[in-house]
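Fold and contact review
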Amino acid sequence: MTAGTAGTAGTAGSTGSTGSTGAAGTAGTAGIAGSTGAAARPDTAGTGAAETGAAGDEGREMHALVERLYPLCRSITGDGVRRTLDIVGESVPLRIREVPTGTPVLDWTVPKEWNVRDAYVKDASGRRVVDFAASNLHVVGYSVPVSATMTLAELRPHLHTLPEQPGLVPYRTSYYAETWGFCLAENTLAALPEGRYEVKIDATLADGHLTYGEHVVPGRTSEEVLVSCHVCHPSLANDNLAGIAVATRLARRLAGTDPHHTYRFLFAPGTIGAITWLALNRERAGLIRHGLVLACAGDRGHLTYKRSRRGDAAVDRAAAHVLRASGRPHEIVDFSPYGYDERQFCSPGFDLPVGCLTRTPYAGYPEYHTSADDPGFVTPEAMTDTLEACWEITRVLEGDRRHLNLSPYGEPQLGRRGLYGSLGGRSDTKQAQMAMLWVLNLSDGDHGLLDIAERSGLPFHVVADAARDLRAAGLLKELA
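It should be emphasised that the depicted structure is a prediction, and the values quoted were computed from it without experimental measurement.

1. A short note on the pattern of salt bridges
The tally for this structure, following the rule as stated, stands at 31 salt bridges. As a salt-bridge pair, Glu98 and Arg82 come within 2.9 Å of each other at their nearest N and O atoms. One end of the pair, Glu98, is in strand β1 (residues 95-100); the other, Arg82, is in helix α3 (residues 79-88), and 16 residues separate them in sequence. You can call Glu98 partly exposed: its relative accessible area is 31%. Glu388 is the salt-bridge partner of Arg253, the closest N and O atoms lying 2.4 Å from each other. Pair noted here: Arg253 is in helix α6 (residues 237-254) and Glu388 is in helix α11 (residues 380-399), with a separation of 135 residues, a long-range link.

2. Focus: the layout of surface pockets
By volume, the largest pocket amounts to about 340 Å³. In terms of lining, the largest pocket is formed by 13 residues, of which the most central are Glu223, His261, His290, Asp400 and Arg401. When grouped by side-chain class, the residues that make up the lining of the largest pocket number four nonpolar, three polar and six charged.

3. Points about the nonpolar core
If you look at the biggest cluster of nonpolar residues, it comprises 132 residues, and the most contacted ones within it are Trp180, Phe182, Phe265, Phe267, Phe345 and Leu470. It is α6 that contributes the most residues to this core, ten residues altogether. Those residues in contact with Phe265 that lie beyond four places of it in its chain are Gly213, Glu214, His215, Val217, Val227, Ala247, Leu250, Ala251 and Leu254.

4. A word on the environment of Cys390
Tracing the sequence through the fold places Cys390 in helix α11. Separated by 140 residues in the primary sequence, Cys390 and Leu250 place their C-alpha atoms 7.5 Å from one another. Excluding residues that lie within four positions of it along the chain, Cys390 makes contacts with Val246, Leu250, Leu294 and Leu357.

5. Overview of α11
Relative to the 28 Å expected for 20 residues at 1.5 Å per residue, α11 spans 28 Å between its end C-alpha atoms, a close match to the ideal helical length. For α11, the buried fraction is high: 15 of the 20 residues fall into the buried class.

6. Concerning the sheet that holds strand β6 (residues 146-151)
Pairing is antiparallel in the open sheet, where four strands are placed in the order β5-β4-β9-β6. Each having just a single partner strand, β5 (128-131) and β6 make up the two edges of the open sheet. Averaged over neighbouring strand pairs, the angle between their axes works out to 15 degrees when direction is ignored. Two strands pair when backbone bridges link them, and strand β4 (residues 113-122) and strand β9 (residues 196-206) are joined in this way by nine bridges, in the antiparallel orientation.

7. Thoughts on the side chain of Asp385
Tracing the backbone through its elements, the reader meets Asp385 in helix α11. Accessibility expressed as a relative area gives 1% for Asp385, which makes it buried.

8. Here we look at the packing of aromatic side chains
Counting across every chain of the model gives nine aromatic pairs. Considering the side-chain rings of Tyr175 and Tyr176, the 6.1 Å spacing of their centres and the 65 degrees angle between planes classify their relative orientation as edge-to-face. Tyr176 sits in the partly exposed class, given a relative accessible area of 29%. Judged by centre distance (5.6 Å) and plane angle (90 degrees), the ring pair of Tyr365 and Tyr368 falls under edge-to-face. The two residues Tyr365 and Tyr368 agree in class, both being buried. Among the aromatic residues, ring-to-ring pairing joins Trp108, Trp114, Tyr142, Tyr175 and Tyr176 into one connected group. A cation over a ring is seen here: Lys122 above Tyr120, with NZ or CZ 4.8 Å from the ring centre. Between Arg395 and the ring centre of Trp391, over which it is positioned, the NZ or CZ distance is 4.0 Å.

9. Quick notes on the packing of helix α9 (residues 314-326) against α11
Packed helix pairs are characterised by how far apart their axes lie and by the angle those axes make with each other. The contact between α9 and α11 brings their axes to 9 Å, and the two run at 125 degrees. Accordingly, the angle class assigned to the pair α9 and α11 is oblique. Viewed along their axes, α9 and α11 form a crossing whose handedness is right-handed. Along the contact surface, α9 presents Ala314, Val315, Ala318, Ala319, Val322 and Ser326, while α11 presents Ala389, Glu392, Ile393, Val396 and Leu397. Class assignment for the residues of the contact of α9 with α11 results in nine nonpolar, one polar and one charged.

10. Points about empty space enclosed by the protein
One pass over the structure, following the stated rule, counts two cavities of 30 Å³ or more. Taken as a whole, the largest cavity encloses approximately 80 Å³ of empty space. In terms of residue class, the lining of the largest cavity is made up of eight nonpolar, four polar and two charged. The computed volume of the second largest cavity comes to approximately 40 Å³. Looking at the second largest cavity, the residues that line it are Val225, Val227, Leu292, Val315, Ile393, Thr394 and Leu397. At the level of secondary structure, the elements contributing two or more residues to the lining of the second largest cavity comprise β11 (224-230) and α11. A total of three residues in the lining of the second largest cavity trace back to one element, the largest contributor, which is α11.

11. Side note on unusual backbone geometry
The step from Asp239 to Asn240 runs through a cis peptide bond, and the omega angle for that step is 20 degrees. With respect to the helices, strands and loops of the structure, Asn240 is situated in helix α6. Unlike most non-glycine residues, Leu106 shows phi in positive territory, near 55 degrees. With respect to the element layout, Leu106 can be found in the loop between β2 (104-105) and β3 (108-109). On the basis of relative accessible area, Leu106 is assigned to the partly exposed category, the value being 37%. Positioned with a positive phi, Tyr142 is a non-glycine residue whose angle comes to about 75 degrees. Examined against the element boundaries, Tyr142 turns out to sit in the loop between β5 and β6.

Reading guide: rules and limits
Residues numbered from 1 in each chain as written. Predicted model: local features only at pLDDT ≥ 70, side-chain atom pairs only at ≥ 80, totals over all residues. Heavy atoms only, no water. Salt bridge = Lys/Arg side-chain N within 4 Å of Asp/Glu carboxyl O. Helix = DSSP H or I, 4+ residues; strand = E, 2+ residues; numbered from the N terminus. Buried < 20%, exposed > 50% of the residue type's maximum accessible area, 1.4 Å probe, protein only. 1 Å grid on protein atoms, 1.4 Å probe; cavity = no way out; pocket = protein on both sides within 12 Å on 5 of 7 lines; lining within 4 Å. Points joined across faces, edges and corners; volume = space filled by probe spheres on them. Nonpolar A, V, L, I, M, F, W, Y, C, P; charged D, E, K, R; others polar. Core = buried A, V, L, I, M, F, W, Y, C linked by side-chain atoms within 4.5 Å. Contact = heavy atoms within 4.5 Å. Expected span 1.5 Å × (residues − 1). Pairing = 2+ DSSP bridges. Axes fitted to C-alpha atoms, helices over the stretch in contact; angles between N-to-C directions. Phe/Tyr/Trp six-rings, centres within 6.5 Å; stacked < 30°, edge-to-face > 60°. Lys NZ or Arg CZ within 6 Å of the ring centre and 35° of its normal. Parallel < 35°, antiparallel > 145°, perpendicular 65-115°, else oblique. Left-handed = near helix turned anticlockwise from the far one by under 90°.

Here it is as structure tokens:
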């Protein structure tokens with residue numbers, strides 16, 4: 001779940017509450033977590049790289065990026081976001097935008113900027129029993145500064161745990177209600193004796209900026225494919241450092257390919273970042289023809305695609321075709337106005353054709369929004385599988401063109417053009433030959449290649465290859 005849902009996402013609840021209000025989607029309530037890195041859905045692990053272990057260099061590099069970004073304390077604003085974008089910018093050049101506090105953005109306003117330097121709870125002996133330096137999850141995001149000494153009873157309302165997952169630290173935020181708090185393991189809280197504790201949060205909450213970055217791969221047309229991922233979560237590997245890593249690698253793959261579409265990669269804080277981008281780019285948003293929000297891209301669960309609000313946009317059909325044709329275990333779910341930033345892009349005023357690709361969806365695994373979502377929980381193989389699915393979807397979007405059959409009266413004689421087997425009457429007609437027949441029959445100017453792949457049941461790449469060969473033989477004309 002991205003930051004800022006309904007304007008109060010992540011406001012921490014009472015001590016020990018597993019359902020504290022808005023806590024970024026009631027993080028970590030899905031049962032008892034296993035050991036760090038345990039598979040969320042081992043019975044539905046993906047195929048391809050995720051099954052064979054063939055992650056290769058790309059998978060290892062994506063995982064290394066996750067590990068490098070993991071220690072940074074990110075939020076919806078602040079230096080952690082800037083440092084994250086600096087590191088991503090080492091792989092793909094980014095245009096950085098700083099939007100001042102107080103800027104009206106649609107129905108929202110850019111908030112104050114938050115930065116934290118240190119935070120702790122010390123017992124009577126001076127030992128840090130809760131220490132921001134050990135994990136940035138220990139501080140409720142957007143906590144206001146505090147320096148005080150108080151009893152454990154006074155401190156308890158500001159302490160947040162997961163009693164059903166007593167060994168884990170939850171992730172909690174309070175973006176739009178000024179308060180403070182600490183997150184810790186239930187086991188740690190249970191071991192605290194009565195007494196007085198020194199409490200310190202060395203943070204600033206002041207006028208500043210919201211920061212986001214964009215990378216553009218120019219295409220032959222101004223029509224755009226948007227790839228968006230949120231950069232606001234602190235030390236959480238699957239949600240969403242894996243998404244950042246996959247998006248970065250996809251951008252690198254597209255570089256130098258001379259694509260038809262222009263590809264825009266948006267690295268922005270969840271909710272308020274997407275809203276800010278939309279507010280500042282109303283005209284550009286009209287150029288978006290397809291879009292993907294990437295999140296939870298590295299766990300061992302199978303791929304899940306969430307349709308756009310339209311439900312039948314080209315990207316919805318492309319994603320469904322790719323997942324079905326690949327043989328990967330997968331799930332296709334309908335749009336709902338809850339989740340990641342697809343809900344901003346698909347708000348009714350914009351209604352952009354943007355879907356969401358994850359592995360296990362938000363809140364669908366016990367490690368979600370807890371300290372168990374660490375680099376050991378995500379794998380190079382799973383990220384490679386997600387990357388390959390994204391790549392295959394872009395291949396469909398790039399190749400989906402309408403054609404006109406230049407010999408539409410009867411079937412043209414393919415054999416004399418070297419396009420058909422010389423022996424007729426066989427029942428095992430080759431896949432490529434069937435693809436040619438389908439392309440010729442449906443290339444009436446109204447059907448695209450994805451239409452043909454869907455109706456024929458053939459893989460898109462086979463249909464696209466057939467269209468290429470038919471164009472080369474002078475039997476097909478690509479339409480603008």
